[in-house]
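Fold and geometry: a report
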Amino acid sequence: MAKFTRDLGSYKILVIGAGPAGATAARIFADAGYEVDVFDQRPHVAGNCFDRYDEHGILVHAYGPHYFRTNSKELLDWLTQFTEWISGEYYVEAKIFERTVPLPISIATVEALHGKSYSEESFLEYLKKQRKFEENYVAQNAEEQCLQLVGSELYEKIFKNYTIKQWGHHPRDLRPEVTARIPLRINRDTRYPSETYQCLPKDGYTQMFQNILLHPNIHLHLSEKINSQDIHKMRTQYLFTMYSGAIDEFFDYTYGPLKYRSLKFNWKHFANTSFYQSRVQMNFPNEHEFTRCVEIKHVTKQSHSGTTICLEYSSEEGEPYYPMPLTKQEQLYQKYKLLADQESLKAEHPIYFLGRLAEYKYYNMDHIFLRSLNWSKEKLNTLGGK
Ligand code: UDP
């Protein structure tokens, strides 16, 4: 439990979590003159965006690769106060037995898969033959979404087994939105994301988060686990609380635990090896127990004689990383959301829930930054300044 040395007051804000949601809100309110206490149970800032130098001196993304991209110039400009950028070389390939194909699905993918060239017309013809549902059909699950958009062959070879490995469920049991994250391109653009701005903080994510949180009004408490009982005791000292932890945990699992998917990482270092693979990410839908192999040096562009790779294994156990794209889980979340709404509607010392775990939503990093940025600015307007 935290110790408090400052005066109680109505200009203090409590933020739980120093990831994108918490750090952004903390900075916006600190800039407006509020005192902000930020707590994180981990010994570091940046949430799952955290990057660190490994024992060989290679900068790695400790919780899996984070590819910053956004369509929002406003967000980019806001973050540019805290970092310089390097361009994001975000290229992903999938190993389909003896072939290596670029993702997301584009003309280049089927060309690599079939070893022959396609025109736009012949690619569209191929898709038409492969597709199992009409364009206006509303896909009910991830299998139907794939069969409707890219058709049988690409579903079988690229999506089906990867999805089973990643989620521990068959695609026909999962929400269609999960595979719909991967676009279809009727061109040869092989960049993984589609957003306008694709870039990476020049000195890493951790440094960027440290800069966001470096403010005389922000009081950062790391390695401090604040549970809901603590928050209820502390909340009266604060104007409001912004909570970005897991929502089911906050409500003591009243309706039972929500399911999350976790990851396990197997790091390997190769001395005197510039690069291990040709791109930052290689997916393995049909072979190995791991889903993907990430060599982040491709995007950090670090100059080093060696390289570090990370094999990612999906896991039911461990820290919560992804909300499960299951209808039942979404319904369970909606029950928790009603409790959260009651907390945030309280006239005094409300608690607001924001972020991937607090909203049980598969946000990308930029979505969370932007959500927190917009929410904090709106909240400031309602407060009318200090
Ligand atoms: N996916 C797949 N095969 C791939 C890549 C992705 O089946 O080679 C599916 C899988 O269900 C995955 C989803 O698409 O969970 C979203 O992929 P994304 O790359 O966005 O996942 P993330 O990087 O967020 O783990």
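Look above for the structure.
My aim in this report is to walk through the structure given alongside it, one point at a time. The shown structure was predicted, so the numbers you read here are calculated from the model rather than taken from an experiment. (Residues numbered from 1 in each chain as written. Predicted model: local features only at pLDDT ≥ 70, side-chain atom pairs only at ≥ 80, totals over all residues. Heavy atoms only, no water.)

Points about the overall build of the chain
A tally of helices and strands in the chain yields 13 helices and 17 strands. Taking 2.2 N^0.38 as the reference for a compact globule, 386 residues should give roughly 21 Å; the C-alpha atoms of the chain span a radius of gyration of 22 Å, in line with that estimate. When its C-alpha atoms are laid out on the principal axes, the chain stretches across 70 × 50 × 35 Å. Burial statistics for the chain: of 386 residues in total, 56% are counted as buried. The long-range share in the chain, meaning contacts at least 24 apart out of those at least 6 apart in sequence, stands at 71%. Carbon and sulfur atoms provide 49% of the accessible area of the chain, an area that totals close to 17,500 Å². For the chain, the distance from the average site of its 46 positive side-chain charges to the average site of its 48 negative ones is 1 Å. (Helix = DSSP H or I, 4+ residues; strand = E, 2+ residues; numbered from the N terminus. Rg over C-alpha atoms; globule rule 2.2 N^0.38 Å. Buried < 20%, exposed > 50% of the residue type's maximum accessible area, 1.4 Å probe, protein only. Contact = heavy atoms within 4.5 Å. Areas by Shrake-Rupley, 256 points an atom, 1.4 Å probe, with all protein chains shown as cover. Lys, Arg positive; Asp, Glu negative; His and termini not counted. Charge placed at Lys NZ, Arg CZ, Asp CG, Glu CD.)

Points about the sheet that holds strand β6 (residues 85-87)
Read from one edge to the other, the open sheet built from three strands follows the order β5-β9-β6, with strand pairing classed as antiparallel. Taken across any chain shown, the strands that pair with only one partner, and hence form the sheet edges, are β5 (69-70) and β6. With two bridges joining them, β5 and strand β9 (residues 197-201) adopt antiparallel strand pairing. Across the sheet, Thr-70 pairs through a bridge with Tyr-197, a residue of β9. (Pairing = 2+ DSSP bridges.)

Section: the layout of surface pockets
Estimated volume of the second largest pocket: approximately 230 Å³. Looking at the lining of the second largest pocket residue by residue, the classes come out as two nonpolar, one polar and five charged. (1 Å grid on protein atoms, 1.4 Å probe; cavity = no way out; pocket = protein on both sides within 12 Å on 5 of 7 lines; lining within 4 Å. Points joined across faces, edges and corners; volume = space filled by probe spheres on them. Nonpolar A, V, L, I, M, F, W, Y, C, P; charged D, E, K, R; others polar.)

What to know about the site of the ligand
Neighbouring the ligand are 16 residues, the closest being Thr-163, Arg-181, Tyr-192, Tyr-322 and Tyr-362. Between the ligand and Tyr-192, the relevant distance is 2.5 Å, taken from an oxygen atom to a side-chain nitrogen or oxygen of the residue. Contact with the protein chains covers 93% of the free accessible surface of the ligand, which is 520 Å². Broken down by secondary-structure element, the contributors of at least two residues to the shell around the ligand are α6 (152-167) and α7 (177-180). For the shell around the ligand, the residue count by class is 10 nonpolar, four polar and two charged. (Near = heavy atom within 4 Å. Polar contact = N/O pair within 3.5 Å; in protein donor to acceptor, adjacent residues only side chain to side chain.)

Some words on the environment of Tyr-333
With respect to the helices, strands and loops of the structure, Tyr-333 is situated in helix α12 (residues 327-344). Tyr-333 gets classed as buried once you look at its relative accessible area, which sits at 7%. Spatially, the C-alpha atoms of Tyr-333 and His-288 are 33 Å apart, while their sequence positions differ by 45 residues. Those residues within four positions of Tyr-333 in sequence are excluded, and the remaining contacts are Ile-247, Leu-258, Ala-358, Glu-359 and Tyr-360.

Overview of the packing of helix α1 (residues 20-31) against helix α8 (residues 205-213)
Look at α1 against α8: their axes get within 8 Å of each other, and the N-to-C directions meet at 30°. By the angle between their directions, the pair α1 and α8 is classed as roughly parallel. Contacts between α1 and α8 involve Pro-20, Ala-23, Ala-26 and Arg-27 on the former and, on the latter, Phe-209, Asn-211, Ile-212 and Leu-213. Residue classes in the contact of α1 with α8 are distributed as six nonpolar, one polar and one charged. (Axes fitted to C-alpha atoms, helices over the stretch in contact; angles between N-to-C directions. Parallel < 35°, antiparallel > 145°, perpendicular 65-115°, else oblique.)

Structural measurements only, silent on function.
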